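# Notes for the structure review
Below are the chains, spelled out letter by letter.
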Amino acid sequence: MAFAGFGGGASPSKAKGKSKGKKKKTKTSGGNPKSNKTLNLFTPEGRMDHIKARIAAADVTPVAKLALTKGGDDGQSVLDFDPNAIAVVDNFLGKELITAMRAEAESLLPNLVPSKSTRWDEETQTVVPYEKKGVSSTQIEGGAQGYEKSPRLVEYIVTLTNHLSHKLNQILPDAYHLSGEEQTNKLAVCLGDGSYYDKHIDNLGGTSDAGDRRKLTALLYIQPPGSHDGQPSYPNESVDDDPRGGYFRAYDVPEEDAVTAIAPRGDRLILFWSDSLVHDVSPSYAPSGDADRRWALTIWFIADKKGVIRATDAAIEEKHFGSGAGIGKDK
């Protein structure tokens, strides 16, 4: 299976997938035939069909919650999608597939590089690049070589881009429509020893037609299944209850000045607006070794239209980041 044009550095990458050859019938052996659900995960077509079914079953409506927001040149409140809306989907792909994806991710560790971001420097009054503490990352590429290295990760990215965008576009107005062919992505691991992400907004691209068009973030935790069994459930999770840390913390959620902590549970999908949600990741530790490392695969969905990225409200920027535009952008 080849995925031509998948990948492409800083620009959004094409996410079309093509399979070659006929589907093969899978036979069971012995007197204990396996279910079709299990057999499907042995073929690329079966895995992608499985992901499509999981997307169809997932409740993603919370990300389309409405709220009064500031809009227009006069700054008057208007009814719009809540810029801090979050959808959390647990047990998204199932134990078998998420376990295989974790193994593929770990096999790529030698190819990962220190993850970089930007932040505002008060001393120089400029935006400066920096390496995140104890975080390594890479972009998952398509094509024959990329697919050979991590077939399940590529299949997931292609299928989610095509089918989750279609599902969301059914409930979103035209201005919010997402491309089903373009995306950008990042596979990242917190290695432990206090790895963390600074507070940031993924996309501070502003409203320029030429700017960053990342509109929606889809974050999948590829931890071992059951990684957080016994912990409180969302939205009542607390980083104080877990020595491993690595929690996603959303600011002004569910209300102003509140903070919602979300555990990096294996097979958990988080959706939020790339151009508005202020968030960070609490220090991450691996007390039991490699199994506790926090792995995440992020897909950024691209706005179908230009000029629809929210400009960051000045009051929010001052509240969370202090001086300077462009602080805390993830890339």
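Notes on the structure in this doc start here. (Residues numbered from 1 in each chain as written. Predicted model: local features only at pLDDT ≥ 70, side-chain atom pairs only at ≥ 80, totals over all residues. Heavy atoms only, no water.)

By size, the foremost hydrophobic cluster in this structure holds 45 residues, and its most contacted members are Phe-92, Leu-93, Tyr-156, Leu-160, Leu-187 and Leu-220. Sorting the residues of this core by element identifies helix H2 (44-57), strand E4 (86-89), helix H3 (95-107), helix H5 (151-169), strand E7 (178-190), strand E9 (214-221), strand E12 (269-273) and strand E14 (294-303) as the ones contributing at least two each. Counting residues per element, this core draws most heavily on H5, which supplies eight residues. If we ignore the near neighbours within four places in the chain, the residues touching Leu-187 are Ala-105, Leu-108, Leu-112, Ser-136, Ser-137, Thr-138, Ile-140, Leu-153, Ile-222, Trp-295, Ala-296 and Leu-297. In terms of nonpolar packing, the next biggest core, distinct from the first, is built from 12 residues, Val-88, Tyr-221, Phe-272 and Leu-277 among them. (Core = buried A, V, L, I, M, F, W, Y, C linked by side-chain atoms within 4.5 Å. Buried < 20%, exposed > 50% of the residue type's maximum accessible area, 1.4 Å probe, protein only. Helix = DSSP H or I, 4+ residues; strand = E, 2+ residues; numbered from the N terminus. Contact = heavy atoms within 4.5 Å.)

Right, let's get into H5. Spanning 19 residues, H5 covers 27 Å between terminal C-alpha atoms, matching the ideal 27 Å at 1.5 Å per step. The largest bend in H5 amounts to roughly 30 degrees and is located at Leu-160. When you tally the buried positions in H5, you get 14 out of 19 residues, the bulk of the element. (Expected span 1.5 Å × (residues − 1). Bend = angle between axes of the 7 residues up to and from the residue.)

What follows concerns the side chain of Thr-217. In this structure, Thr-217 sits in strand E9. A distance of 2.9 Å separates polar atoms of two side chains, one belonging to Thr-217 and the other to Asp-202. Among the polar contacts made by the side chain of Thr-217, one reaches the side chain of Ser-274 at a distance of 2.7 Å. Other than its neighbours up to four places away in sequence, Thr-217 contacts Asp-202, Ile-270, Leu-271, Phe-272, Ser-274, Thr-298, Ile-299 and Trp-300. (Polar contact = N/O pair within 3.5 Å; in protein donor to acceptor, adjacent residues only side chain to side chain.)

Let us now look at the environment of Trp-300. Looking at the element boundaries, Trp-300 is found in strand E14. Engagement of the side chain of Trp-300 in a polar contact is seen with the side chain of Asp-202, the distance being 2.9 Å.

Turning to the packing of aromatic side chains, a few remarks are in order. Applying the stated criterion across every chain, the model contains four aromatic pairs. Ring centres of Phe-81 and Tyr-176 lie 5.0 Å apart, and the angle between their planes is 70 degrees; on these two criteria the pair is classed as edge-to-face. Separated by 95 residues along the polypeptide, Phe-81 in strand E3 (residues 76-81) and Tyr-176 in the loop between H5 and E7 bring together distant segments of the chain. The class for Phe-81 is buried, based on a relative accessible area of 8%. Owing to a relative accessible area of 10%, Tyr-176 belongs among the buried residues under this scheme. Relative to Phe-272, the ring of Phe-248 lies with its centre 5.2 Å away and its plane at 50 degrees, an arrangement referred to as tilted. Placement of Phe-248 in strand E10 (residues 248-251) and of Phe-272 in strand E12 is noted, with a sequence separation of 24 residues between them. Phe-272 matches Phe-248 in its accessibility class, with the two residues each being buried. Among the aromatic side chains, those forming a connected cluster through ring pairs are Phe-81, Tyr-176 and Trp-273. Lys-199 extends its terminal NZ or CZ atom over the ring of Tyr-251, reaching a point 4.3 Å from the ring centre. In this structure, Arg-214 is placed above the aromatic ring of Trp-300, and the distance from its NZ or CZ to the ring centre is 4.6 Å. (Phe/Tyr/Trp six-rings, centres within 6.5 Å; stacked < 30°, edge-to-face > 60°. Lys NZ or Arg CZ within 6 Å of the ring centre and 35° of its normal.)

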